[in-house]
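Summary of the model geometry
As a plain string of letters, each chain reads:
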Amino acid sequence: MNIQDAYTNWSVTYDSDRNLTRDLSQVVTRNSLANLHCKSILEIGCGTGNNTIFLAQIAEKVRALDFSEGMIDRAKRKVQAENVTFAMADITTRWPCEDASADLVVCSLVLEHIENLSFIYSEAFRSLVAGGCFFVCELHPFRQYQGTKASFRRDGGTTEIQAFIHHISDFLNVAEASGLTLQSLKEWWHEEDQDKLPRLVSFMFQN
């Protein structure tokens, strides 16, 4: 099952499944961005809209993209804010936005499924206004080294979604090559992760 079909399949139970990584990513996004106020936010890989709800509170307008029809449909039903628009888009191709049109680009639990980070970072650079920021929150590569992947259960079996390992240095080197400057790097644990490797890593880059 390809990545797009897997997420459309998962969308039916995505919000109700026990998923500490999903839950932590929402906490990380809110904690990291709570003090911001933006004219325009571009969210790539919005899923069922869990973070979109929050982003609508800190921005005058939010453009939320995802390539899964199932995920987008659920996000539209969940997020009723008038300042949010949704669009289906494959972020491995040119994003449906103008140059220098966003103050903030937000990406959460998406890049593990993207083989070529360079294109994503170059599109973020193109989309951001001068001084704008690119916020990334991803499964920590330490977890990936242990074989952890996004997965869900269906009909008594487990579906693992294709993923690519990106080292910390990959995120940093690609950002630098794209013209983005690192502002912060943080590691995150869920409250049930005591004495375990960090679950998530987040970056804030600036154009």
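Basis of the calculations
Residues numbered from 1 in each chain as written. Predicted model: local features only at pLDDT ≥ 70, side-chain atom pairs only at ≥ 80, totals over all residues. Heavy atoms only, no water. Phe/Tyr/Trp six-rings, centres within 6.5 Å; stacked < 30°, edge-to-face > 60°. Helix = DSSP H or I, 4+ residues; strand = E, 2+ residues; numbered from the N terminus. Buried < 20%, exposed > 50% of the residue type's maximum accessible area, 1.4 Å probe, protein only. Lys NZ or Arg CZ within 6 Å of the ring centre and 35° of its normal. Axes fitted to C-alpha atoms, helices over the stretch in contact; angles between N-to-C directions. Parallel < 35°, antiparallel > 145°, perpendicular 65-115°, else oblique. Contact = heavy atoms within 4.5 Å. Nonpolar A, V, L, I, M, F, W, Y, C, P; charged D, E, K, R; others polar. Pairing = 2+ DSSP bridges. Lys, Arg positive; Asp, Glu negative; His and termini not counted. Salt bridge = Lys/Arg side-chain N within 4 Å of Asp/Glu carboxyl O. Polar contact = N/O pair within 3.5 Å; in protein donor to acceptor, adjacent residues only side chain to side chain. Left-handed = near helix turned anticlockwise from the far one by under 90°. Patch = residues over 30% accessible without salt bridge, like charges linked within 9 Å, V, L, I, M, F, W, Y side chains within 5 Å. Areas by Shrake-Rupley, 256 points an atom, 1.4 Å probe, with all protein chains shown as cover.

Here we come to the packing of aromatic side chains. Here the distance between the centres and the angle between the planes together describe a pair of aromatic rings. With the rule as written, the count across this model stands at nine aromatic pairs. Taken together, a centroid distance of 4.9 Å and an interplanar angle of 35° make the contact between Phe171 and Phe203 tilted. Note that Phe171 is positioned in helix H7 (residues 168-178) and Phe203 in strand E9 (residues 200-206), a separation of 32 residues in sequence. Each member of the pair Phe171 and Phe203 is classed as buried. Each member of the aromatic cluster is reached from another via a ring pair, and the members are Tyr121, Phe134, Phe171, Phe203 and Phe205. Here the guanidinium or amino end of Arg22 rests over the ring plane of Tyr14, the centre of that ring lying 6.0 Å away.

Between two packed helices, the angle of one axis relative to the other and the distance separating the axes together describe the packing. At a minimum axis separation of 10 Å, helix H2 (residues 20-33) and helix H3 (residues 50-58) run at an interaxial angle of 10°. On the basis of the axis angle, H2 is roughly parallel to H3. Together, Arg22, Ser25, Gln26, Thr29, Arg30 and Leu33 of H2 and Asn50, Asn51, Phe54, Leu55 and Ile58 of H3 make up the contact between the two elements. Counted by class, the contact of H2 with H3 contains four nonpolar, five polar and two charged residues.

For Leu197, the location among the structural elements is in the loop between strand E8 (181-188) and E9. Sequence separation of Leu197 and Gln183 is 14 residues, and the distance between their C-alpha atoms is 23 Å. In this structure, Leu197 is in contact with Phe142, Arg143, Gln146 and Trp189, ignoring residues within four places of it in sequence.

Before going further, it helps to examine the environment of Gln57. Turning to its location among the elements, Gln57 is positioned in helix H3. Of the residues examined, Gln57 reaches a relative accessible area of 60% and is grouped as exposed. C-alpha separation for the pair Gln57 and Ala34, spaced 23 residues apart in sequence, amounts to 9.3 Å.

A word on the sheet that holds strand E2 (residues 59-66). Spatial ordering of the open sheet is given by E3-E2-E1-E4-E5-E9-E8, a layout of seven strands whose pairing is mixed. Looking at the sheet topology across the chains shown, the edges are occupied by strand E3 (84-88) and E8. Geometrically, the sheet is characterised by an average inter-axis angle of 15° between neighbouring strands, direction not taken into account. In the sheet, E8 pairs with E9 via seven bridges, with the strands oriented antiparallel. Bridged to Ser184 within E9 is Met204.

Structurally, Glu138 can be placed in strand E5 (residues 128-139). The charged side chain of Glu138 is buried without a salt bridge, its nearest counter-charge being Arg199 at 13 Å. There is a polar contact of 2.9 Å between the side chain of Glu138 and the backbone nitrogen of Val110. Setting aside residues up to four positions removed in sequence, Glu138 forms contacts with Cys107, Ser108, Leu109, Val110, Leu111, Glu112, Phe171, Arg199, Leu200 and Val201.

Looking now at the packing of helix H5 (residues 117-127) against H7. At a closest axis distance of 9 Å, the pairing of H5 and H7 adopts a crossing angle of 45°. Between H5 and H7, the angle falls in the class oblique. Where H5 crosses over H7, the two elements pack in a sense that is right-handed. Touching Leu117, Ser118, Tyr121, Ser122 and Phe125 of H5 are Asp170, Phe171, Val174, Ala175 and Ser178, all from H7. Taken together, the residues of the contact of H5 with H7 break down into six nonpolar, three polar and one charged.

Here the focus is a nonpolar patch on the surface. A cluster of nonpolar side chains, Phe142, Tyr145, Ile165 and Leu197, forms an exposed patch at the surface whose accessible area comes to about 350 Å². Along the polypeptide, Tyr145 turns up in helix H6 (residues 141-145).

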